[in-house]
Amino acid sequence: MSQSVERALGILPLLARGPAGLGEVADELGVHKSTALRLLRTLHEHGLVYRRPDGRYRLGARLFALAAEAIENLDVREVAHPHLVELNRATGHTVHLALHQDGEVVYVDKVDSRYPVRMYSRIGRPVALTVAAVAKLILADLPEAERRALAHRIDYPRYTARSTPDAAAFLRELDLVREQGWAADFGGHEESVNCLGAPVRGPDGRVVAALSVSAPGVVVPADGLLGLLPQVLRTAEAISQDYSGVQERA
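### Quick word on helix α7 (residues 144–153)
The α-helix advances 3.6 residues per turn, and as a result positions three or four apart in sequence lie on the same side. Turning to α7, its buried residues are Arg147, Leu150 and Ala151. All buried residues of α7 lie within an arc of 100° about the axis, which places them on one face of the element. Seen from the open side of α7, the exposed residues pointing more than 90 degrees away from its buried face are Ala145, His152 and Arg153.

Pasting the structure below:
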């Protein structure tokens, strides 16, 4: 039975590349055509594949409906929280998770630092778009036209001397974030607070959320926080894999 399931599942990646005939399916699986036909008929009965008028098969609408339903009901915060707790335990610093909601980037989860000096951020509060690491990560993933329109539409408050001054500088920063795959805020929002973030990606590779580690400079300097980058990136990748249902590569 498990062999039949494995063979049936092997049909789906083939059809994802385009319609295929019975012979192609049989060759892909290394089985007789009668076996391939039996598997295709079972998948067809469940709406997972569809037999075209020309006799070839393609993926069925039911498969797309199931995927859409699963994504819609998947809560990235629930998936991410154990990873955030572990990152907090390992580093001792404040860890945030943020999402893009209604034109704002909002904190949806937070694990507080173990140190006496705490961050005043709170769940449900929008972040500063032009300086926050999580905002840069999410906005950098927008389509170019949308990204540029946003950059020229928003204001650029001077929170500190290190704040992003204008649209041109912001777009350069977003280009850098896209290239390097992570973002930082070293005193751009609060002079004494540094932040390092990484993107959480969905099954299609798009950024669905962003996590960050933040700490006051009196606890750890910017260089020290930057030393945590590999750990932050690994955590973001682990969340992305869990969220997307992808097994970790050996």
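That shown, we press on.
### Comments concerning the sheet that holds strand β3 (residues 94–101)
Read across the open sheet, the five strands follow the order β4-β3-β7-β6-β5; overall the sheet is antiparallel. Either end of the sheet is taken by a strand with one partner, and the two such strands are β4 (104–111) and β5 (183–186). Across the sheet, the mean angle separating the axes of adjacent strands is 25° when strand polarity is ignored. Sheet topology places β5 next to strand β6 (residues 193–201); four bridges connect them, and they run antiparallel. Note that in β6 the partner of Ala183 across the bridge is Gly197.

### A closer look at the pairing of β3
Extensive coverage of β3 is indicated by the burial of six of its eight residues. In this structure, β3 lies alongside strand β7 (residues 207–216), joined through five bridges in antiparallel fashion. Counted as the bridge partner of Leu97 is Leu211 from β7. The pairing of β3 with β4 spans seven bridges and is antiparallel. Within the sheet, the bridge partner assigned to Leu97 lies in β4 and is Asp109. The antiparallel hairpin formed by β3 and β4 contains two residues in its connecting segment, where Asp102 sits at a positive phi of about 50°.

### Comments concerning the packing of helix α1 (residues 2–16) against helix α3 (residues 33–45)
The interhelical angle for the contact between α1 and α3, taken along N-to-C directions, is 75°, at an axis separation of 10 Å. Judged on the interaxial angle alone, α3 and α1 are roughly perpendicular. Taken together, the residues of α3 that come into contact with α1 (itself represented by Ser4, Arg7, Ala8 and Ile11) are Thr35, Leu39, Leu40 and Leu43. Residue classes in the contact of α1 with α3 are distributed as five nonpolar, two polar and one charged.

### Regarding the pattern of salt bridges
What the rule picks out here adds up to 12 salt bridges. Notably, a salt bridge pairs Asp112 with Lys110, separated by 3.3 Å at the nearest N-O pair. Classification of Lys110 by relative accessible area gives buried; the value is 16%. Salt-bridge contacts for Asp175 lead to Arg147; the nearest nitrogen and oxygen are separated by 3.8 Å. A residue pair is termed long-range when its members are at least 10 positions apart, and Asp175 in helix α8 (residues 167–180) and Arg147 in helix α7 qualify at 28 residues.

### Points about helix α6 (residues 133–140)
The element α6 is largely enclosed, with a buried count of eight among its eight residues. Within α6, burial applies to Ala133, Val134, Ala135, Lys136, Leu137, Ile138, Leu139 and Ala140.

### Quick notes on the side chain of Ser212
Among the structural elements, Ser212 can be located in strand β7. Look at Ser212 and you get buried, because its relative accessible area is 1%.

### Regarding the environment of Asp75
Structurally, the position occupied by Asp75 is in the loop between α4 (61–73) and α5 (76–91). Sequence-wise, Asp75 and Tyr243 are 168 residues apart; in three dimensions their C-alpha atoms are separated by 8.4 Å. In this structure the side chain of Asp75 is engaged in a polar contact, spanning 3.0 Å, whose partner is the backbone nitrogen of Arg77.

### Details of the packing of aromatic side chains
The full count for this structure, using the stated rule, is one aromatic pair. Here the aromatic rings of Tyr156 and Phe170 are separated by 5.9 Å at their centres, their planes lie at 70°, and the arrangement is edge-to-face. One end of the pair, Tyr156, is in the loop between α7 and α8; the other, Phe170, is in helix α8, with 14 residues separating them in the sequence. When its relative accessible area of 15% is taken as the criterion, Tyr156 is described as buried. The class of Phe170 is buried, set by a relative accessible area of 0%.

Calculation rules
Residues numbered from 1 in each chain as written. Predicted model: local features only at pLDDT ≥ 70, side-chain atom pairs only at ≥ 80, totals over all residues. Heavy atoms only, no water. Buried < 20%, exposed > 50% of the residue type's maximum accessible area, 1.4 Å probe, protein only. Helix = DSSP H or I, 4+ residues; strand = E, 2+ residues; numbered from the N terminus. Arc of directions from axis to C-beta. Pairing = 2+ DSSP bridges. Axes fitted to C-alpha atoms, helices over the stretch in contact; angles between N-to-C directions. Parallel < 35°, antiparallel > 145°, perpendicular 65-115°, else oblique. Contact = heavy atoms within 4.5 Å. Nonpolar A, V, L, I, M, F, W, Y, C, P; charged D, E, K, R; others polar. Salt bridge = Lys/Arg side-chain N within 4 Å of Asp/Glu carboxyl O. Polar contact = N/O pair within 3.5 Å; in protein donor to acceptor, adjacent residues only side chain to side chain. Phe/Tyr/Trp six-rings, centres within 6.5 Å; stacked < 30°, edge-to-face > 60°.

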